[in-house]
Amino acid sequence: MFLNPVMLAGAGAAVVPLVLHFLSRSRFRTVDWGGMMFLGEPGDRRWSGGRVRQWVLLLLRMGILGLLAVAMARPVVAKLWGDRSEHRLIVLVMDCSGSMAVGEAGGQSRMNLAKEAALRVLARGHAADRAALVEMGAGGVKTSPVEEIQQITGRIDKLHSGAGMADVARGLLAAAELCDRRNLQLMPGAEIYVIADRQARSWEGIGDSFATAWQGRWSMAKGARARVYVVPVGREGVVENLGVESLEITDGVVVRGQPVGVEVRVHNYGGQSRAGVPVTI
């Protein structure tokens, strides 16, 4: 198996030394003259030895070009026995909900802490590993294709928190979908990392129906397996939170600079009264 099979096309360059060899021979012409009859046998032996050296050098040059093309194609030899889980598929399920913008000790937001945790996970990977990204937040769940670790690292840098909540159940099922049979045949060891804060609402979908769907998804991939790790970010025990559940226009048409009636539904997830909290739209 090759990680960059396109570079195998460069193996065709191995014939260049052979072509140059025949082109150089075509520029010379052999002319016999009378004095050569006295040097026949020793000269033949010297010429034969020189031809052997020329062919050895020619094959060596061709082999160097061929091996260079194979090396650039990055071959990966899978074991025929034992555990092949060193070639892993790493799926990062990232919480990008609004609560990830909350600041933590040290002046960093939960989103920054989540990015650092994701980069640490990828830093432990190998060249043969592949990775994918699942974003949970505004707009539901978004997934990236399975790519090289360096490409996923660039995607993580662009993540940011936004409106909406994280649905861990949907994120995990999307991660399982990325671990399809084709990927798991190449990399039978899959690792799924859920990096999120401790918002209980994000985990509401984890129940009996989810367990049934999860088990059914993996029963289709024979011999495949996936390990799920949860990486929490943010302070433990912080449950006091307010969330905007809905926003509706009740009167008028939205025009810039003009008043309009708006109904905002705010949910208090804490135990203390939050009456009078301003809401800026």
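As the structure is a prediction and not an experimental result, all values here were calculated from the model.

What counts, and at which threshold
- Note that residues are indexed from 1 along each chain, following the sequence as it is written.
- In keeping with the model being predicted, local features are shown solely for residues with a pLDDT of at least 70 and side-chain atom pairs are shown and tallied solely at 80 or more, while totals for entire chains, interfaces and linings include all residues.
- Just so you know, side-chain values use all the structure's heavy atoms and leave hydrogens and water out.
- Labels follow the DSSP assignment, with helices taken as runs of H or I lasting at least four residues and strands as runs of E lasting at least two, numbered in each case from the N terminus.
- Relative accessibility under 20% of the residue-type maximum defines a buried residue, over 50% an exposed one, and the middle range a partly exposed one, all with a 1.4 Å probe and only protein chains included.
- Working rule for contacts: check all heavy atoms of both residues, and any pair within 4.5 Å makes them a contact.
- Only the protein chains shown count as cover for residues, with accessible areas throughout obtained via the Shrake-Rupley method and a probe of 1.4 Å.
- Take a side-chain nitrogen of Lys or Arg and a carboxyl oxygen of Asp or Glu: if they are within 4 Å of each other, that pair is a salt bridge.
- The axes are straight lines fitted to the C-alpha atoms, using for helices just the contacting stretch, and the angles between their N-to-C directions are given from 0 to 180°.
- Small angles under 35 degrees read as roughly parallel and large ones over 145 as roughly antiparallel, with 65 to 115 read as roughly perpendicular and the rest as oblique.
- Amino acids are sorted into nonpolar (Ala, Val, Leu, Ile, Met, Phe, Trp, Tyr, Cys and Pro), charged (Asp, Glu, Lys and Arg) and polar (every other residue, Gly among them).
- What makes a patch is a set of residues exposed beyond 30% relative accessible area and free of salt bridges, joined within 9 Å when like-charged and within 5 Å when nonpolar (Val, Leu, Ile, Met, Phe, Trp, Tyr).
- For our purposes a nonpolar core is just a set of buried Ala, Val, Leu, Ile, Met, Phe, Trp, Tyr and Cys residues, chained together by side-chain atoms within 4.5 Å.
- As a per-residue quantity, pLDDT reports the predictor's confidence and falls between 0 and 100.

Before going further, it helps to examine the overall build of the protein. Each helix and strand counted, the protein has 7 helices and 7 strands in total. For the protein, the N- to C-terminal ordering of α and β elements is α-α-β-α-β-β-α-α-α-β-α-β-β-β. Scored against the burial criterion, the 281 residues of the protein give a buried share of 30%. The contacts of the protein with a sequence gap of at least 6 include a subset with a gap of at least 24, amounting to 74%. For the protein, the accessible area works out to roughly 18,200 Å², and carbon and sulfur atoms hold 58% of it.

Using the criterion set out here, one finds 4 salt bridges in the structure. The shortest N-O distance in the salt bridge between Arg110 and Glu104 comes to 2.8 Å. Judged by its relative accessible area of 10%, Glu104 falls in the buried class. With its nearest N and O atoms 2.8 Å apart, the salt bridge here joins Glu147 to Arg155. Given the relative accessible area of 13%, Glu147 is considered buried. With relative accessibility at 35%, the residue Arg155 sits in the partly exposed group. Through salt bridges with shared partners, one network takes in Glu104, Arg110 and Asp197.

In a packed pair of helices, the relevant descriptors are the angle between the two axes and the axis-to-axis distance. It is the contact of helix α3 (residues 110–123) with helix α4 (residues 149–157), at a shortest axis distance of 10 Å, that shows an interaxial angle of 175 degrees. With respect to their mutual orientation, α3 and α4 come out roughly antiparallel. Taken together, the residues of α4 that come into contact with α3 (itself represented by Lys115, Ala118, Leu119 and Leu122) are Ile149, Ile152, Thr153, Ile156 and Asp157. In terms of residue class, the contact of α3 with α4 is built from 6 nonpolar, 1 polar and 2 charged.

As a further point, take a nonpolar patch on the surface. There is a patch of nonpolar side chains on the surface, built from Val244, Leu247, Ile249, Val254, Val260, Val262, Val266, Val279 and Ile281 and spanning about 770 Å² of accessible area. For the nonpolar patch, the secondary structure elements donating two or more residues are β6 (242–251) and β7 (261–268). In terms of residue count, the dominant contributor to the nonpolar patch is β6 (3 residues). Secondary-structure assignment places Ile281 in the segment after β7. For Ile281, a relative accessible area of 71% corresponds to the exposed category.

This next bit is on the nonpolar core. By size, the foremost hydrophobic cluster in this structure holds 21 residues, and its most contacted members are Val91, Val93, Val134, Leu172 and Ile192. Contributions of two or more residues to this core are made by β1 (88–95), β2 (130–137), α5 (168–178), β4 (189–196) and α7 (208–219). A per-element tally of this core places α5 first, with 7 residues. Non-local contacts of Val91, meaning those with residues more than four positions away in its chain, are made with Ala132, Val134, Ala175, Leu178, Cys179, Glu191, Ile192 and Tyr193. Among the nonpolar cores identified, the runner-up in size contains 20 residues, and Ala114, Ala131, Ile149 and Val233 belong to it.

Before going further, it helps to examine the confidence of the model for the protein. Within the protein, residue pLDDT values average 78, and 76% of them lie at 70 or more. A low-confidence stretch, residues 78–85 (pLDDT under 50), is modelled with 9 contacts involving residues beyond four sequence positions or located in other chains.

Let's shift gears to the environment of Glu204. Here Glu204 lies in the loop between β4 and α7. Linking Glu204 and Val168, residues 36 residues apart in sequence, is a C-alpha distance of 8.1 Å.

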